[in-house]
Amino acid sequence: MTARADAFPEYDQLLALLDAASHVLDCRVVCEAAVQGHRFGVHVATLGSRDPLAPAIGIFGGIHGLERIGTQLVLDYLRSVLGRLAWDELLHRELQAVRLVFMPIVNPGGMWAGTRANPNGVDLMRNGPQDADARVPFLAGGQRLGAWLPWYRGPEGAPMELESRALLRVVQEELLPRPLSFAVDCHSGYGWRDSIWFPYARTRRPMAHLPEMYLLKTLFEQAHPHHGYTFEPQSHQYLLHGDLWDYAYDLTPAGSLFLPMTLELGSWLWIKKNPRQLFSREGIFNPIKAHRTARVLRRHVSLFDFLGRVAVAPERWLPRGPQREALLQQARAHWQTETLP
Ligand SMILES: [Zn+2]
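Criteria and thresholds
Residues numbered from 1 in each chain as written. Predicted model: local features only at pLDDT ≥ 70, side-chain atom pairs only at ≥ 80, totals over all residues. Heavy atoms only, no water. Donors = N, O, S within 2.8 Å, 3.2 Å for Na, K, Ca; no water. Tetrahedral: all angles 85-135°; square planar, octahedral: opposite > 155°, others 65-115°. Helix = DSSP H or I, 4+ residues; strand = E, 2+ residues; numbered from the N terminus. Buried < 20%, exposed > 50% of the residue type's maximum accessible area, 1.4 Å probe, protein only. Arc of directions from axis to C-beta. Contact = heavy atoms within 4.5 Å. Polar contact = N/O pair within 3.5 Å; in protein donor to acceptor, adjacent residues only side chain to side chain. Lys, Arg positive; Asp, Glu negative; His and termini not counted. Salt bridge = Lys/Arg side-chain N within 4 Å of Asp/Glu carboxyl O. Pairing = 2+ DSSP bridges. Axes fitted to C-alpha atoms, helices over the stretch in contact; angles between N-to-C directions. Phe/Tyr/Trp six-rings, centres within 6.5 Å; stacked < 30°, edge-to-face > 60°. Lys NZ or Arg CZ within 6 Å of the ring centre and 35° of its normal.

## Describing the coordination of the zinc ion
Put simply, the ideal angle at a metal is 109.5 degrees for four donors in tetrahedral geometry and 90 or 180 degrees for six donors in octahedral geometry.
Alright, step 1. Within the protein, His-64 (ND1), Glu-67 (OE), Glu-67 (OE) and His-187 (ND1) serve as the donor atoms for the zinc ion, at 2.0 to 2.5 Å.
Alright, step 2. Metal-centred angles of 56 to 151° between the 4 donor atoms at the zinc ion mark the site as irregular.
Alright, step 3. Here the donor residues of the zinc ion are spaced in sequence according to H-x2-E-x119-H. In this pair, His-64 sits in the loop between strand 3 (56-61) and helix 2 (68-84) while His-187 sits in strand 5 (residues 180-188), placing the two residues 123 residues apart along the sequence. Grouping residues by exposure puts His-64 and His-187 together as buried.

## Let's talk about helix 3 (residues 89-97)
Alright, step 1. Residues Leu-91, Glu-94 and Leu-95 constitute the buried set of helix 3. One face of helix 3 carries all of its buried residues, which in axial projection span an arc of 95°. In helix 3, the exposed residues that point more than 90 degrees away from the buried face are Leu-90, Arg-93 and Gln-96.
Alright, step 2. Its buried side turned inward, helix 3 meets strand 2 (38-48), helix 2, strand 4 (99-103) and helix 10 (301-312).
Alright, step 3. The N-cap residue of helix 3 is Asp-88: its side-chain oxygen and the backbone nitrogen of Leu-90 are 3.1 Å apart.

## Some remarks on the environment of Gly-255
Alright, step 1. By the element assignment, Gly-255 lies in the loop between helix 7 (244-250) and strand 8 (257-265).
Alright, step 2. As for Gly-255 and Leu-14, which are separated by 241 residues in sequence, their C-alpha atoms are 35 Å apart.

## A word on the side chain of Glu-163
Alright, step 1. Relative to the helices and strands, Glu-163 is located in helix 5 (residues 162-175).
Alright, step 2. Despite its burial, Glu-163 pairs with no opposite charge; the closest candidate is Arg-165, at 7.4 Å N-O.
Alright, step 3. Excluding residues within four positions of it along the chain, Glu-163 makes contact with Cys-31, Ala-33, Val-106, Asn-107, Asn-118, Pro-119 and Leu-124.

## Looking at unusual backbone geometry
Trans peptide bonds make up the majority, and among non-glycine residues the majority have a negative phi.
Alright, step 1. The peptide bond linking Pro-199 to Tyr-200 adopts the cis configuration, its omega dihedral lying at 15°.
Alright, step 2. Along the polypeptide, Tyr-200 turns up in the loop between strand 6 (195-198) and helix 6 (210-223).
Alright, step 3. Its identity as a non-glycine residue notwithstanding, Gln-36 has a phi of 45°, on the positive side.
Alright, step 4. Tracing the chain through its elements places Gln-36 in the loop between strand 1 (26-35) and strand 2.
Alright, step 5. Of note in this structure, Trp-151 is not a glycine but carries a positive phi near 65°.
Alright, step 6. The topology assignment puts Trp-151 in the loop between helix 4 (108-113) and helix 5.
Alright, step 7. With relative accessibility at 26%, the residue Trp-151 sits in the partly exposed group.

## A few points about the sheet that holds strand 2
Alright, step 1. As summarised here, the arrangement of the 8 strands in space is 1-2-4-3-5-8-6-7, forming an open sheet in which the pairing is mixed. Of all the strands in the sheet, the pair left with one neighbour each is strand 1 and strand 7 (230-233). Mean inter-strand twist for the sheet, computed between neighbouring axes without regard to direction, equals 20°.
Alright, step 2. Seen against the sheet, helix 5 touches strand 1, strand 2, strand 3, strand 4, strand 5 and strand 8 and runs at an angle of roughly 165° to strand 1.

## What about the pattern of salt bridges?
Alright, step 1. Summed over the entire model, instances satisfying the criterion amount to 18 salt bridges.
Alright, step 2. Residue Asp-76 pairs with Arg-79 through a salt bridge whose shortest N-O separation is 3.1 Å. Placement of the pair is Asp-76 and Arg-79 together in helix 2, with a separation of 3 residues, close to one helical turn.
Alright, step 3. For Asp-76, a relative accessible area of 31% gives the class partly exposed.
Alright, step 4. A network of salt bridges, in which partner residues are shared, links Asp-26, Arg-50 and Arg-99.

## A short note on the packing of aromatic side chains
The description of an aromatic ring pair uses the distance of the two centres, along with the angle that the planes make with each other.
Alright, step 1. Applying the stated criterion across every chain yields a total of 14 aromatic pairs.
Alright, step 2. Considering the side-chain rings of Tyr-77 and Phe-304, the 4.9 Å spacing of their centres and the 45° angle between planes classify their relative orientation as tilted. Of this pair, Tyr-77 sits in helix 2 while Phe-304 sits in helix 10, and the two are 227 residues apart along the sequence.
Alright, step 3. The buried category is assigned to Phe-304, whose relative accessible area is 3%.
Alright, step 4. Between Tyr-200 and Tyr-249, the aromatic rings sit 5.7 Å apart at their centres with planes inclined by 75°, giving edge-to-face as the arrangement. Placement of Tyr-200 in the loop between strand 6 and helix 6 and of Tyr-249 in helix 7 is noted, with a sequence separation of 49 residues between them.
Alright, step 5. Residue Tyr-200 is classed as buried on the basis of its relative accessible area, which comes to 9%.
Alright, step 6. Ring-pair connections join several aromatic residues into one group, and the members of that group are Phe-8, Tyr-11, Phe-40 and Trp-112.
Alright, step 7. Geometry around Tyr-200 places Arg-202 over its ring, the cationic atom sitting 4.2 Å from the centre.

Read these as spatial facts, not as claims about activity.
Structure (structure tokens):
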């Protein structure tokens, strides 16, 4: 059998999953990406409660076309949820209260072409209109010199790329209007350890919902003491222009709580253990050995499961009044953030 030119394995797996589960999933194509004459739909699949006020969890991957392991993680979790529907009564009860939103390949054109950027050469995670309020790393913080260099933001003043707009539309329709929502966006390629980053990337000033983010981290650590994530504001690592999660977070309407997280799978250890990977473009962003891929994939299910469970009854844990104030002090001490204006 010859490989089809307009296909890649993750995209085929996604279509097969959506097809096999069409009776339980609500599926739609939110935009189409064209690359060298091929067209790929950007698919969104949702399941669970249809109550517009139900808490929701959005799981995203493939914003950077080279980071296939992030997409595999999202596909694996979707497959696991669908498989468990056959026997897991607790999952059914969770889904009566919670909605799950999956967007596993935000940038299919880039994944097909094997590029971090989308087919226009734009790094979608630098494509928001906002600028950082202090120095960003040269190039990597986002640049407008041109698409011939990595981390290109797109032309000054131009509308955002269609994949960026599609992602933001999904966030605005499916997540932001709800009293509580989470997003996890799966990436790879940076760091020695797996990290969970949250806004802001554009400033060292803290997000308004720092107490809630700190409490979420604390609850997760109590439930999974050996998880091993570094959990911190993105600005602790480096500042950047145009981060889409910064932008989405700032669109949160009054009265809603939206906690976006970027899961950055630390790939440097994979390279240290297998230096040959440095010479493979795939290898810097994805584990090459099968046993390591399996280890990477199985490590994060507990995070997704945790978010689903904690979303069921937010009234049990969301902080109020003096408790919230105390959490804010603890969070500031923990992350040493600048004080709020
Ligand atoms: Zn990435």
